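If you want the building blocks of each chain, they are given just below.
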Amino acid sequence: MEKKEFGGKLIEVDEDGFIQDPDAWDENVARDLAKTEGVEEMTEDHWKVVNYLREYYLQYQMAPMIRKLCKTTGFKLKEIYDLFPSGPAKGACKVAGLPKPTGCV
Amino acid sequence: MPTPDEMAYYRQEELLEIDYRPPERGWMDTPVDFRRGSYIYPGKAKMLEILGLPNPRDWAVTDEDWKLPDNWKQIVLEGMAERLRKYRSFKVFMDSCVRCGACADKCHFFIGGGDPKNMPVLRSELLRSVYRKDFTALGKVLGKLGGARELTVDVIKEWFYYFYQCTECRRCSVFCPFGIDTAEITMMGRELLGLLGIYVNWVIEPVANCYRYGNHLGIQPHGLLDTLEFMADDIEEATGIRVDIPMNKKGAEILFVTPSGDFVADPGIFTCMGYMLLFHELGLDYTWSSYASEGGNFGLFTSHEMIKRLNAKIYAEAKRLGVKWILGGECGHMWRVLHQYMDTVNGPADFLEVPRSPITGTVFENARSTKMVHIMEFVADLIHHGKLKLRPERNDYVRVTFHDSCNPARAMGLLEEPRYVLRHVCNHFYEMPENTIREQTFCCGGGAGLGTDENMEMRLRGGLPRGAAVRYVQEKYGVNRLAAICAIDRATLVTVCDYWAPGVKVTGITELVANAMVFEGEHERKVDLRLEPIPGMEGEQESEGSGSDE
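Residues numbered from 1 in each chain as written. Chains lettered and ligands numbered in written order. Predicted model: local features only at pLDDT ≥ 70, side-chain atom pairs only at ≥ 80, totals over all residues.

Enquirer: So what's going on with the overall build of chain A? Residues and values would help.
Expert: Counting its secondary structure elements, chain A contains five helices and two strands. A compact globule built from 105 residues should have a C-alpha radius of gyration of about 13 Å, and chain A, at 13 Å, falls within 12% of that. Counting only C-alpha atoms and orienting by the principal axes, one finds that chain A spans roughly 35 × 30 × 20 Å. In chain A, which comprises 105 residues, the proportion classed as buried is 38%. (Helix = DSSP H or I, 4+ residues; strand = E, 2+ residues; numbered from the N terminus. Rg over C-alpha atoms; globule rule 2.2 N^0.38 Å. Buried ≥ 20, exposed ≤ 12 C-beta atoms within 10 Å, placed from the backbone.)

As structure tokens, this is what we get:
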């Protein structure tokens, strides 16, 4: 699989640019991943979403349902799209270093 | 700028310029064009390793070299010979097609794309031509003249492209005078590709997840509990009722199994909340399972062996927990596996009892062997016996149509129950045109593991016939909701509707049931399960009257 440089590290990514090793993630990696999503600067609001996703993932090994993400962070779905144009699953989860979700979703 | 995996990339006028004329060269001489948006990423090496599948490696569809084993041809031909011996149906389907073409214009991918190799007859010929060459005397002698051709790497690539452009929906089979089940041909094609380590990741990762964790999404027990508890919070907000979450409860009467999409994906989660409320109100002695936490079975899209491996988990768990029978949720292909494979591959489930509704006493004779009842059968029976207190006027803001999911409709014949339930919980139910529903229902365009975004062009093309029928009832009757009893539908039809019939939202039926149900001890219902205000319910407005059902 292709390797790309994020935060000064060479990290394996899938076809859609999701990093393959969640442990390779750090904040600098997130900043570079954000750029691939058209987010030039990670603001406090961006971090709020990304940090919550990251924490949830580390505890549960899955992404929270989008409804829970909205409720916990206080952002409406539209606001999350404003922050991450590809949306919570493809955009925010990617920046948080989570794998791409598969299945009946 | 949108990319080919995004809906916005495709302009409707361009997609609708469908050229049904065949290419100038013969089909055997027309190579596959792998363009972005029309194929699915290959299975990752890691997933194949988890499942013990052959030839794990990382590769790309657009690579010239697919890194096949040196003896790939021998593997495929031996695999074909083995399956021709093992599956009588496969041999009959290979031999009996007279190429009458009755199926040709019945496939949603052909209708929406115009590629002749998506005529089911020709898609089958991709495999049949190799069968003729290597397994029939006539084909050996006549060669290309007799419709036979040599198996080459290009043929393998063509198989990959088109067997993953078939959703195994079986609409074409309804029209075949010989009853050839084209889904089974696709399944054989995919099995043969699998022998070479050729899978798509959208299928094989869920399979690997289900194998390890019990569900396609890889949800682990604490994650499942957290998710259901969150739903219980939302339920409380909407109704004032706190529901229990019985998990892995030994000795429960009923094991409930539903597709894992219902745990996380909008709008399936609202149907999941509906199940929880319904069971609470009935006081049902049931349990969720964190091991059998998947109704779906992506083994169906992989191989017969994988169907068996994944299906076995549900029955092993039923045995371990000591339940009497199994209740299944709103899933599509789960029911094809249950009705047409389970009994042969893992049954009969003699250790369970013939399902009997503890509320009405109805014995589900149709589930005598599999011991598994569909939630729509269960609910229709409850309504029939007057066991649910319903206020359908709460759903008066919903003008709903029903999409028959391919497998419950064609593999199970579940046509009346969902309609019966819908008519009792909604006052405004409208049917789509008759050649697009019931046995003739059109696929969502994303079943059988094709519902991933990198396949967006094919999903939109395949979704065109369904989307057009939805648009029709939207314009004619003001339909604003599409109900479907399948998690793949609830995921993929959102895109189909957004594209072809914008404004129509997707729902499961149990969501509408729970919105109409009156629960003991509920507070005033001002919002629905989506926590959106129920129009007209603030002031107890009169219902518009009885159900209309054009």
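Enquirer: Could you give an account of unusual backbone geometry, with specific residues and numbers?
Expert: All names here are of chain B. Between Asp266 and the following residue, Pro267, the backbone shows a cis peptide bond with an omega angle of 10 degrees. Relative to the helices and strands, Pro267 is located in the loop between α13 (261–264) and α14 (268–282). With an omega dihedral of -5 degrees, the bond running from Gly347 to Pro348 counts as a cis peptide bond. For Lys67, which is not glycine, the phi torsion reads 50 degrees and is therefore positive. Following the sequence through the fold, Lys67 ends up in the loop between α2 (45–51) and α3 (72–86).

Enquirer: Now, about the interface of chain B and chain A: what can you tell me, with residues and values included?
Expert: Accessible area lost upon the coming together of the parts serves often as the stated size of an interface. Across the contact, 27 residues belong to chain B and 14 residues belong to chain A. Taken together, the elements giving at least two residues each to the side of chain B that touches chain A come down to α11 (201–213), α12 (221–239), α13 and α22 (487–500) of chain B. For the side of chain B that touches chain A, the leading source of residues is α12 of chain B, giving five residues. Looking at side-chain class alone, the side of chain B that touches chain A contains 13 nonpolar, nine polar and five charged residues. (Contact = placed C-beta atoms within 7 Å. Nonpolar A, V, L, I, M, F, W, Y, C, P; charged D, E, K, R; others polar.)

Enquirer: Which residues make up the sheet that holds strand β1 (residues 254–257) of chain B, and what values do they have?
Expert: All names here are of chain B. Across the sheet, which stays open at both edges, the four strands sit in the order β2-β1-β3-β4 with parallel pairing between neighbours. Pairing within the sheet leaves two strands with one partner each, and these edge strands are β2 (286–287) and β4 (372–374). Note that strand β3 (residues 325–328) and β4 share three bridges and pair parallel. Within the sheet, the bridge partner assigned to Ile326 lies in β4 and is Met372. Contacting β1, β2 and β3, helix α15 (residues 304–321) runs over the sheet at an angle of about 150 degrees to β1. Lying on the sheet, helix α17 (residues 375–384) is in contact with β3 and β4; it crosses β4 at an angle near 70 degrees. (Pairing = 2+ DSSP bridges. Axes fitted to C-alpha atoms, helices over the stretch in contact; angles between N-to-C directions.)

Enquirer: Can you explain α14 of chain B? Please cite residues and give values.
Expert: All names here are of chain B. Between the first and last C-alpha of α14 there are 21 Å, a value that for 15 residues agrees with the 21 Å anticipated at 1.5 Å per step. Most of α14 sits inside the fold, with 14 of its 15 residues counted as buried. Note on α14: the residue one or two positions beyond its end, Gly283, has a positive phi of about 65 degrees. (Expected span 1.5 Å × (residues − 1).)

Enquirer: Explain the domain arrangement of chain B to me, and be specific about the residues and the numbers.
Expert: As far as domains go, chain B holds domain 1 (12–199), domain 2 (216–384) and domain 3 (392–516). Its C-alpha centre places domain 1 of chain B at a distance of 34 Å from the equivalent point of domain 2 of chain B. (Domains from an automatic or database assignment.)

Enquirer: Talk me through the packing of α12 of chain B against α14 of chain B; I want residue IDs and the actual numbers.
Expert: Residue and element names in this part refer to chain B. Closest axis-to-axis distance for the α12/α14 pair is 10 Å, and the angle between their directions is 75 degrees. For the element pair α12 / α14, the angle class is roughly perpendicular. Between α12, through Met231, Ala232, Asp234, Ile235 and Thr239, and α14, the contact on the second element is made entirely by Ile269, Cys272, Met273, Met276 and Leu277. Grouping the amino acids of the contact of α12 with α14 by side-chain chemistry returns eight nonpolar, one polar and one charged. (Parallel < 35°, antiparallel > 145°, perpendicular 65-115°, else oblique.)

Enquirer: Can you break down the packing of helix α2 (residues 44–60) of chain A against helix α3 (residues 66–73) of chain A residue by residue, with the values?
Expert: Residues and elements named next belong to chain A. Running from N to C, α2 and α3 point in directions that differ by 125 degrees, and their axes come no closer than 10 Å. As summarised for this structure, α2 and α3 are arranged oblique, according to the angle between their axes. Once α2 is placed against α3, the crossing between them reads as right-handed. Along the contact surface, α2 presents Lys48, Val49, Tyr52 and Leu53, while α3 presents Leu69, Thr72 and Thr73. Tallied by class, residues from the contact of α2 with α3 come to four nonpolar, two polar and one charged. (Left-handed = near helix turned anticlockwise from the far one by under 90°.)

Enquirer: Give a description of the sheet that holds strand β7 (residues 505–507) of chain B that names residues and reports values.
Expert: Residues and elements named next belong to chain B. The sheet built from three strands is open, its strands ordered β5-β6-β7 with parallel pairing. The sheet is open, and its two edges are formed by β5 (400–403) and β7, each paired on a single side. Sheet twist, expressed as the average angle between the axes of neighbouring strands with direction ignored, equals 30 degrees. Where strand β6 (residues 481–484) lies against β7, three bridges are found, and the strand directions are parallel. Following the sheet pairing, Leu482 is matched in β7 by Val506.

Enquirer: How would you sum up the confidence of the model for chain B? Please name residues and give values.
Expert: Residues at a pLDDT of 70 or more form 98% of chain B, whose mean pLDDT is 95. This prediction of the complex comes with two scores: 0.95 for pTM and 0.94 for ipTM. (pLDDT = per-residue confidence, 0-100.)

Enquirer: Hey, could you go over the environment of Pro64 of chain A for me, with residue numbers and the actual values?
Expert: Residues and elements named next belong to chain A. Structurally, Pro64 is set in the loop between α2 and α3. Looking at Pro64, the number of C-beta atoms within 10 Å reads 25, which means it is buried. Once the C-alpha coordinates of Pro64 and Ala89 are considered, the two residues, 25 residues apart in sequence, prove to be 9.8 Å apart. Every residue in contact with Pro64, bar those within four places of it in the chain, is listed here: Tyr56 and Leu69.

Enquirer: Run through helix α23 (residues 509–516) of chain B, naming residues and quoting values.
Expert: Owing to its 3.6 residues per turn, the α-helix aligns residues three or four sequence positions apart on the same side. All names here are of chain B. Across the eight residues that make up α23, a large majority, eight, are buried. Burial in α23 covers these residues: Ile509, Thr510, Glu511, Leu512, Val513, Ala514, Asn515 and Ala516. Next to the buried residues of α23 lie α14, α17, α19 (416–425), β6 and β7.

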